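What the coordinates show
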Amino acid sequence: MKWNEKQQKILLVAEEIFSKKGIDASSIREISKQAKINIAMVSYYFGSKEKLVEALFEMRLEKLNTSLQNLLENESGDSMDKLSSFLQGYLSRILKEHEFHRIMLREYSKTDSPIQIKEGIKKMKLETLRIVQEMIDTGYEQKIFGRRAHAEAIISVVIGSTSYLILNENTYSDKWQIRTHEEYAVYIEDNFYPYLLDSLKAILMYNNEN
């Protein structure tokens, strides 16, 4: 779906507020005030807070799915190059859209989260697993990888580690004396991605027949 400029502004402000306060503790009035858009206009565009939340997830998940497919189709090189680039791109997008990632983690763990949101997140997760597994299978068949690893193992190492770092940003920012999220994201990519890449290679290159 195409969102106009005002709708995108409202969604981005809502995303920031939801990330800081949680969806349940946030209100349409607060969102409209921070976005500097009349509350009636927010209601006109989205109808209710629940519909606004659904629109935010639709916008972000649609962009994420498109970026995942583009990463898969545009990368050159062998399967390890493609998989490394794919996961680095995925990591970069999570760090860039850290506020939505926090919201997504919270909503997916809730038992009363709207079914449309849960289904959207599940569809995105399954598509990511499909793409990663496809690259792993190709690399194994080409004898680039030592074993046909499960995509879940790769995702849990790379994405799980990134999620942990995002959820503990306040703690590590203080420890590393980092002032902004942008600096934090650069620090993680520069200092932690090499370790994640080593873990990725260890999982894929290990051959228990040797």
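Residues numbered from 1 in each chain as written. Predicted model: local features only at pLDDT ≥ 70, side-chain atom pairs only at ≥ 80, totals over all residues. Heavy atoms only, no water.

1. Remarks on the overall build of the protein chain
To be explicit about the condition: The numbering of helices and of strands both runs from the N terminus, where a helix is a DSSP run of H or I of at least 4 residues and a strand a run of E of at least 2. Note on definitions: a residue-residue contact is assigned when non-hydrogen atoms from the two residues lie within 4.5 Å.
Regarding its fold elements, the protein chain presents 11 helices and 0 strands. When the helices and strands of the protein chain are placed in sequence order, the string is α-α-α-α-α-α-α-α-α-α-α. Across its three principal axes, the protein chain shows a C-alpha extent of roughly 65 × 40 × 35 Å. By sequence separation, contacts in the protein chain at least 24 residues apart represent 65% of the contacts at least 6 residues apart.

2. A look at empty space enclosed by the protein
The condition is simple: Cavities and pockets were defined on a 1 Å grid built from protein atoms only: a cavity is a group of points that admits a 1.4 Å probe but offers it no way out, a pocket is an open group of points flanked by protein on both sides within 12 Å along at least five of seven lines, and a lining residue is one with an atom within 4 Å of any such point. Grid points are joined across faces, edges and corners, and a volume is the space filled by probe spheres set on the points. Residues are sorted three ways: Asp, Glu, Lys and Arg are charged, Ala, Val, Leu, Ile, Met, Phe, Trp, Tyr, Cys and Pro are nonpolar, and all the rest, Gly among them, are polar.
With the rule as written, the count across this model stands at 1 cavity of 30 Å³ or more. What lines the largest cavity is simply Leu64, Arg93, Ile94, Glu97, Phe100, His101 and Met104. At the level of secondary structure, the elements contributing two or more residues to the lining of the largest cavity comprise α5 (79-96) and α6 (98-109). Ranked by residues supplied to the lining of the largest cavity, first place goes to α6 with 3 residues. Residue composition of the lining of the largest cavity, by class: 4 nonpolar, 1 polar and 2 charged.

3. Topic: the layout of surface pockets
The space that makes up the largest pocket amounts to roughly 210 Å³. Around the largest pocket sit 13 residues that line it, and Tyr90, Lys125, Thr128, Ile155 and Ile159 are the ones nearest its centre. When residues of the lining of the largest pocket are traced back to their parent elements, those giving at least two are α5, α6, α7 (115-141) and α8 (151-167). In terms of residue class, the lining of the largest pocket is made up of 8 nonpolar, 3 polar and 2 charged. Taken as a whole, the second largest pocket encloses approximately 150 Å³ of empty space.

4. With respect to the pattern of salt bridges
We apply this condition: Salt bridges are defined as contacts in which a side-chain nitrogen from Lys or Arg sits within 4 Å of a carboxyl oxygen from Asp or Glu. Only protein chains enter the accessibility calculation, which uses a 1.4 Å probe; a residue is then buried when its area is under 20% of its type maximum, exposed when over 50%, and partly exposed in between.
Tallied over the entire structure, the rule returns 13 salt bridges. Notably, a salt bridge pairs glutamate 15 with arginine 60, separated by 2.8 Å at the nearest N-O pair. Here arginine 60 lies in helix α4 (residues 49-74) and glutamate 15 lies in helix α1 (residues 5-21), a separation of 45 residues in the sequence. Of the two residues examined, glutamate 15 and arginine 60, each falls in the buried class.

5. Notes on the side chain of serine 32
Tracing the backbone through its elements, the reader meets serine 32 in helix α2 (residues 28-35). Judged by relative accessible area, serine 32 falls into the buried class, the value being 6%. Excluding anything up to four places from it in sequence, serine 32 contacts Ile37, Asn38, Ile39 and Val42.

6. Overview of the side chain of histidine 101
In this structure, histidine 101 sits in helix α6. Judged by relative accessible area, histidine 101 falls into the buried class, the value being 6%.

7. Some words on helix α3 (residues 39-46)
Put simply, the rule reads: Contacts described as polar in this section are N or O atom pairs within 3.5 Å, which, within protein, must combine one atom able to donate a hydrogen with one able to accept it, while residues neighboring in sequence count only if both atoms come from side chains.
Among the residues of α3, the N-terminal cap falls to asparagine 38, whose side-chain oxygen and the backbone nitrogen of alanine 40 are separated by 2.7 Å. Immediately downstream of α3, the backbone of glycine 47 shows phi near 85°, a positive value.

8. Concerning helix α10 (residues 181-191)
Definition in use: Picture the helix axis, draw a direction to every C-beta atom, and the arc is the one those directions span.
Turning to α10, its buried residues number three or more, namely His181, Tyr184, Ala185 and Ile188. For α10, the buried positions fall inside an angular range of 100° around the axis, keeping them on one side. Along α10, exposed side chains directed more than 90 degrees from the buried face belong to Glu182 and Asp190. Summarising the contacts, the buried residues of α10 are in contact with α5, α6, α8, α9 (169-176) and α11 (193-205).

9. As for the packing of α10 against α11
For clarity, the cut-off: Structural elements are reduced to axes, namely lines fitted to C-alpha atoms, with helices fitted over the stretch in contact, and the angle between N-to-C directions of any two is expressed from 0 to 180 degrees. Angular relationships are summarised with four words: roughly parallel below 35 degrees, roughly antiparallel beyond 145, roughly perpendicular across 65 to 115, and oblique for the angles in between.
Look at α10 against α11: their axes get within 4 Å of each other, and the N-to-C directions meet at 40°. By the angle between their directions, the pair α10 and α11 is classed as oblique. Mapping the contact onto sequence places Ile188, Glu189, Asp190 and Asn191 in α10 and Tyr193, Pro194 and Tyr195 in α11.

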